[in-house]
Amino acid sequence: MADPFAALSATQRQAAVQATTSVLGATARLGIRPLTGGVSGAFVFLIETNGRRFVLRIEGPESPLRNPHQYLSMRIAAEMGIAPQLHYLDANNRVAMMDFIEDRPLEAYPDGSSGLARAIGGMLKQQQSAPLFPYFVDYPEVVNRLWTHVCKTGLFVDGLLDEASRRLVEIRATYGLRAEHFVSSHNDVLPRNVLFDGERLWLIDWETAYRNDPLVDVATALDNFAQCPELEEMLLLAWLGYEPDRPLRDRLAQVRALTRLHYAGVLFSASALAPREKPDDNLSAPSSAQFERAVREGRLVAGTAETTHVLGKMFLSSFVTGSMPPGLPPMYMR
């Protein structure tokens, strides 16, 4: 039988065995198989024994922007019933073992997209009432660091990103939320990180969780779960409890721009790792309909550097113009 832990280093293997032994005992007969399809770089395994199922997650390589508070944040979220129940956590070795959630398509949520939008809003309200996660870095600075990195990769010709960089400077200059207003935040509320078990929603993958502006999660949720004005209002009402006033809506538009540039930066950082003959001199981006058609027809293949680069341009366009960003294709969903 193939070794399910073959891809792990000796240290990671020892940590994985320690986790399963601590939770299930040394003599338990385990079925272990890798779970694939994520984009975080973590090693994830399904552990089965005696009709019980768990997820074993071992964090991948550290990045310069690694959040050191993710495990405490995940523990708090699990205790609040927002994240799956934790059975083992070793922050030093970056290992966690939790309940496996047998998820169903989000499209199956009762009352369809309107029911899902309200449920997402309610989930964010519950999460933001949790005991405070630790503080990391102000979100505009996180975005700035990531965008500065993109600008230094040589991915684009000199000057092509200047308009976006100027807009980021303008937003940072007028961004005025003080840290005392921060709340416990997941900071990556994408469809791939929301599970529906047939009865309720769960949030997973807490790598980017820390104390943050409450509108960051709201902005990301709106772009991913409420892609029309009616759904936006449903989500906002479920989260806030009343209709937001004009100042809040104005600040939300500002934060939505930041989240879009953040995901553009993540995508461009990934595409910059692929070989390229010369810097790109064109920021033209397809519409969502054009992108989806290109994927269906095989002209773009999900998961490739080319497709990642195109998605980055689409998110960058939404940052500059205020248009809705694209939905992510299946490869990027989990």
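Values in this document were obtained by computation on a predicted structure and should not be read as measured data. (Residues numbered from 1 in each chain as written. Predicted model: local features only at pLDDT ≥ 70, side-chain atom pairs only at ≥ 80, totals over all residues. Heavy atoms only, no water.)

Turning our eyes to something else, we now look at the overall build of the chain. Secondary structure summary: the chain contains 10 helices and 9 strands in total. Relative to a compact globule of 334 residues, whose C-alpha radius of gyration would be 20 Å, the chain shows 20 Å and is just as compact. Over its C-alpha atoms, taken along the principal directions, the chain stretches across nearly 60 × 55 × 40 Å. The 334 residues of the chain split such that 46% are buried. Long-range contacts, defined here as pairs at least 24 residues apart, represent 72% of the contacts in the chain between residues at least 6 apart. Total accessible area on the chain stands at roughly 16,300 Å², and carbon and sulfur atoms take up 52% of it. Side-chain charges in the chain split into 33 positive and 38 negative, and the spacing between the mean points of these groups amounts to 2 Å. (Helix = DSSP H or I, 4+ residues; strand = E, 2+ residues; numbered from the N terminus. Rg over C-alpha atoms; globule rule 2.2 N^0.38 Å. Buried < 20%, exposed > 50% of the residue type's maximum accessible area, 1.4 Å probe, protein only. Contact = heavy atoms within 4.5 Å. Areas by Shrake-Rupley, 256 points an atom, 1.4 Å probe, with all protein chains shown as cover. Lys, Arg positive; Asp, Glu negative; His and termini not counted. Charge placed at Lys NZ, Arg CZ, Asp CG, Glu CD.)

Here we come to the side chain of Thr49. Within the fold, Thr49 resides in strand β2 (residues 43-49). Leave out the neighbours within four places in its chain, and Thr49 touches Leu24, Ala28, Arg29, Leu30 and Phe54.

Quick look at the side chain of Arg94 now. Considering the arrangement of structural elements, one finds Arg94 in the loop between β4 (86-90) and β5 (95-99). For Arg94, a relative accessible area of 19% corresponds to the buried category. Residue contacts for Arg94: discarding those within four places in its chain leaves Arg57, Ile58, Glu59, Gly60, Pro61, Glu62, Arg66 and Tyr71.

Let's shift gears to the packing of aromatic side chains. Throughout the structure, instances matching the rule amount to 8 aromatic pairs. Seen in terms of ring centroids, Tyr135 and Phe182 are 6.4 Å apart; in terms of plane orientation they differ by 20 degrees. Their pairing is stacked. One end of the pair, Tyr135, is in the loop between α3 (112-128) and α4 (139-152); the other, Phe182, is in the loop between α5 (162-174) and β6 (183-185), and 47 residues separate them in sequence. For Tyr135, a relative accessible area of 36% gives the class partly exposed. Taking 6.5 Å as the distance between ring centres and 50 degrees as the angle between the ring planes, the aromatic pair formed by Trp147 and Phe268 counts as tilted. Placement of Trp147 in helix α4 and of Phe268 in helix α8 (residues 246-271) is noted, with a sequence separation of 121 residues between them. Neither Trp147 nor Phe268 differs from the other in exposure class; each is buried. Joined through ring pairs, the aromatic side chains of Trp147, Phe156 and Phe268 make up one cluster. The side chain of Arg167 reaches across the aromatic face of Phe319, ending 5.2 Å from its centre. The cationic tip of Arg200 hangs over the ring face of Trp202; the distance from NZ or CZ to the ring centre is 3.5 Å. (Phe/Tyr/Trp six-rings, centres within 6.5 Å; stacked < 30°, edge-to-face > 60°. Lys NZ or Arg CZ within 6 Å of the ring centre and 35° of its normal.)

So, about the environment of Val189. With respect to the helices, strands and loops of the structure, Val189 is situated in the loop between β6 and β7 (194-196). For the pair Val189 and Gly112, spaced 77 residues apart in sequence, the C-alpha to C-alpha distance is 18 Å. Setting aside chain neighbours within four positions, we find Val189 in contact with Leu124, Val194, Asp217, Thr220, Ala221, Asn224, Phe225 and Tyr263.

This part is about the nonpolar core. Ile120, Trp147, Val194, Leu201, Trp206, Phe225 and Leu316 are the most contacted members of the largest nonpolar core, which has 76 residues in total. For this core, the element with the highest residue contribution is α8, accounting for 9 residues. Apart from residues lying up to four places away in sequence, Trp147 is in contact with Leu161, Ala164, Ser165, Leu168, Leu261, Phe268 and Leu316. In this structure, Phe5, Ala16, Leu56 and Val95 belong to the second largest nonpolar core, which totals 14 residues. (Core = buried A, V, L, I, M, F, W, Y, C linked by side-chain atoms within 4.5 Å.)

Taken together, 5 strands build an open sheet; the order of strands is β1-β2-β3-β5-β4 and the sheet is antiparallel. The open sheet terminates on both sides in strands that have one partner only, identified here as β1 (31-34) and β4. Neighbour-to-neighbour, the strand axes of this sheet turn through a mean angle of 20 degrees, independent of strand direction. Pairing of strand β3 (residues 52-58) with β5, which is carried by 5 bridges, proceeds in the antiparallel orientation. Across the sheet, the residue bridging to Ile58 is Val95, located in β5. Along the sheet, helix α1 (residues 10-24) contacts β2, β3, β4 and β5; its crossing angle with β3, the most-contacted strand, is approximately 150 degrees. The sheet contacts of helix α2 (residues 70-79) involve β4 and β5, and relative to β4 the element is tilted by about 165 degrees. (Pairing = 2+ DSSP bridges. Axes fitted to C-alpha atoms, helices over the stretch in contact; angles between N-to-C directions.)

Attention now moves to the pairing of β4. Pairing between β4 and β5: 4 bridges, direction antiparallel. Residue pairing for β5: Asp90 is matched across the bridge by Val95. Counting the residues that bridge the hairpin from β4 to β5 gives 4 residues, and of these Arg94 lies at a positive phi of roughly 60 degrees.

One non-glycine residue with positive phi stands out, namely Asn187, at about 75 degrees. Its location among the elements puts Asn187 in the loop between β6 and β7. We classify Asn187 as buried; its relative accessible area is 6%. Even without glycine at this site, Asp205 takes up a positive phi of about 60 degrees. Examined against the element boundaries, Asp205 turns out to sit in the loop between β8 (201-203) and β9 (210-212).

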